[in-house]
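Take a look at the letters that make up each chain.
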Amino acid sequence: MISDKDAPIGIFDSGIGGLTVARAIGYTLPNESLIYLGDTARVPYGTKSAETILRYSMECADFLVQKRVKAVVVACNTASAYALCDLQKKFKIPVIGVIEPGARAAARASKMKSVGVIGTWGTISSNAYGKALTSIDEEISVISKACPLFVSLAEEGWTDNEVARAAAERYLAGFKSESIDVLILACTHYPLLKDVIAGCMGDNVMLVDSAETTANSLEDLLREKGLVSSGPGSREIYVTDLPAKFETMAKRFLGPIPSCVTRVDL
Ligand code: DGL
């Protein structure tokens, strides 16, 4: 029987994008065992209703809890926006999302106290980042925009071509007349389009994503609860559909992945 300390950390996302968060956790906490679940059968979450996102998120977390994880990281921004509170109420183990850490990083980085947020339709309509930012500093002004096509572009591997550039120009035009100095990539998939987004926004706007700060928050939490593992860490990856496609895309975007990909039903 493995001790609580050496139990794995569960991470879930609607699909592939959350691997950026898993990767950051792997760098920050190399001794921890990680179990990643991508709900590829039902991606995207960002276009769905609050009830559906909550139900899917509960099922993902249930799967991870059955694997006896010691903590759950909700790597999906949309799921964090709609399901984090309910997940925290339902499970005894710690559950953290990506919004708080991302908002904290942005608030720290913005000298002008003016922050842009781009995400899925669901994340933007929830105003979860707006609320998180103004609860950190009520003087911060927030402008936000849903950029739903970015998810499909990332899934298609069109992360740096003329279609991606045209979509970025169109979606981000409104930000250029606003004096923001930080733009939050409030969606797991958007870091894959970082170069195109940065090219469009120019050097004066810093892009912030939640991956690293979420990994740091997780580290703080494990230390606080005395749950840091001394290793060695293992890696498992599960998806709800098309494991071979997931593996190919993951390798294309993120380089070698640390485990084979297994299909599961939730
Ligand atoms: N994982 C989602 C997010 O971070 C993006 C993809 C989707 O819509 O499911 O909001």
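Residues numbered from 1 in each chain as written. Predicted model: local features only at pLDDT ≥ 70, side-chain atom pairs only at ≥ 80, totals over all residues. Heavy atoms only, no water.

Draft legend 1. How the structure looks around the overall build of the protein. Regarding its fold elements, the protein presents 11 helices and 10 strands. Taken over C-alpha atoms, the radius of gyration comes to 18 Å for the protein, in line with the 18 Å a tight globule of 266 residues would show. For the C-alpha atoms alone, the extent of the protein along its principal axes is close to 60 × 40 × 35 Å. For the protein, the accessible surface area stands at approximately 12000 Å², while carbon and sulfur atoms represent 51% of it. Once the 28 positive and 31 negative side-chain charges of the protein are each reduced to a mean point, those two points are 3 Å apart. (Helix = DSSP H or I, 4+ residues; strand = E, 2+ residues; numbered from the N terminus. Rg over C-alpha atoms; globule rule 2.2 N^0.38 Å. Areas by Shrake-Rupley, 256 points an atom, 1.4 Å probe, with all protein chains shown as cover. Lys, Arg positive; Asp, Glu negative; His and termini not counted. Charge placed at Lys NZ, Arg CZ, Asp CG, Glu CD.)

Draft legend 2. Geometry of the domain arrangement of the protein. The domain boundaries assigned to the protein delineate domain 1 (4-97 + 212-263) and domain 2 (100-210). Relative to domain 2, the C-alpha centre of domain 1 lies at a distance of 22 Å. Between domain 1 and domain 2, the residue contacts involve 23 residues of the former and 25 residues of the latter. Taking both sides of the interface into account, the surface hidden between domain 1 and domain 2 amounts to around 1800 Å²; carbon and sulfur atoms contribute 57%. Here domain 1 and domain 2 share 0 salt bridges between them. Here domain 1 is connected to domain 2 by 11 residue pairs in polar contact (both at pLDDT 80 or more). Classifying every residue of the side of domain 1 that touches domain 2 by side-chain character gives 8 nonpolar, 11 polar and 4 charged. (Domains from an automatic or database assignment. Contact = heavy atoms within 4.5 Å. Buried area = accessible area lost by both parts, 1.4 Å probe. Salt bridge = Lys/Arg side-chain N within 4 Å of Asp/Glu carboxyl O. Polar contact = N/O pair within 3.5 Å; in protein donor to acceptor, adjacent residues only side chain to side chain. Nonpolar A, V, L, I, M, F, W, Y, C, P; charged D, E, K, R; others polar.)

Draft legend 3. Up close: the sheet that holds strand 9 (residues 235-239). The parallel open sheet is built from 6 strands, whose spatial order is 4-3-1-2-9-10. Whereas interior strands pair on both sides, the edge strands pair on one side only; in this sheet they are strand 4 (95-96) and strand 10 (261-263). For strand 3 (residues 71-74) and strand 4, the ladder comprises 2 bridges, and the chain directions are parallel. Looking at strand 4, one finds that V73 is bridged to I96. (Pairing = 2+ DSSP bridges.)

Draft legend 4. Structural context of the site of the ligand. Neighbouring the ligand are 14 residues; D13, S14, Y45, T78 and T188 lie closest to it. Take G46: an N or O atom from its main chain is 2.8 Å from an oxygen atom of the ligand. Contact distances for the ligand include 2.8 Å between a nitrogen atom and a side-chain N or O atom of T188. For the ligand, whose unbound accessible area comes to 290 Å², protein coverage reaches 99%. Class assignment of the residues belonging to the shell around the ligand gives a composition of 6 nonpolar, 7 polar and 1 charged. No fewer than three residues from each of domain 1 (4-97 + 212-263) and domain 2 (100-210) sit in the shell around the ligand. (Near = heavy atom within 4 Å.)

Draft legend 5. Focus on the side chain of T188. Position of T188 relative to the elements: it lies in the loop between strand 7 (182-186) and helix 9 (194-201). By relative accessible area, T188 is classed as buried at 6%. For T188, the side chain forms a polar contact with the side chain of D13, separated by 3.5 Å. A distance of 3.2 Å separates polar atoms of two side chains, one belonging to T188 and the other to H189. (Buried < 20%, exposed > 50% of the residue type's maximum accessible area, 1.4 Å probe, protein only.)

Draft legend 6. View of the packing of helix 4 (residues 99-109) against helix 10 (residues 211-224). Helix 10 packs onto helix 4 with a crossing angle of 115° between their chain directions and a minimal axis gap of 8 Å. It follows from the interaxial angle that helix 4 and helix 10 lie roughly perpendicular. Here helix 4 and helix 10 pass one another in a crossing that is right-handed. Mapping the contact onto sequence places P101, G102, R104, A105 and R108 in helix 4 and T213, T214 and S217 in helix 10. (Axes fitted to C-alpha atoms, helices over the stretch in contact; angles between N-to-C directions. Parallel < 35°, antiparallel > 145°, perpendicular 65-115°, else oblique. Left-handed = near helix turned anticlockwise from the far one by under 90°.)

Draft legend 7. Just the pairing of strand 7, in detail. Within strand 7, 5 of the 5 residues are buried, leaving the element largely enclosed by the surrounding structure. The alternating pattern of strand 7 places V182, I184 and A186 and L183 and L185 on opposite faces, both of which are buried. Relative to strand 7, strand 5 (residues 114-119) is paired through 5 bridges, and the arrangement is parallel. In the strand pairing of strand 7, G116 is matched with L183. Bridge analysis of strand 7 against strand 8 (residues 206-208) gives 3 bridges, and the strand direction is parallel. The residue of strand 8 that forms the bridge with L183 is L207. One crossover worth recording links strand 7 to the parallel strand 8 by way of helix 9, and it is right-handed. (Right-handed = clockwise from strand over helix to strand, strands pointing away.)

Draft legend 8. Quick look at the sheet that holds strand 7. If you trace the 4 strands from one edge of the open sheet to the other, you get 6-5-7-8, paired in parallel fashion. Both outer strands of the open sheet, strand 6 (141-146) and strand 8, are each paired with one neighbouring strand and no more. Here the average twist between neighbouring strands, direction ignored, is 25°. Docked against the sheet, helix 4 engages strand 5, strand 7 and strand 8, running at close to 170° with respect to strand 7. Lying over the sheet, helix 9 contacts strand 5, strand 7 and strand 8, oriented at roughly 155° with respect to strand 7.

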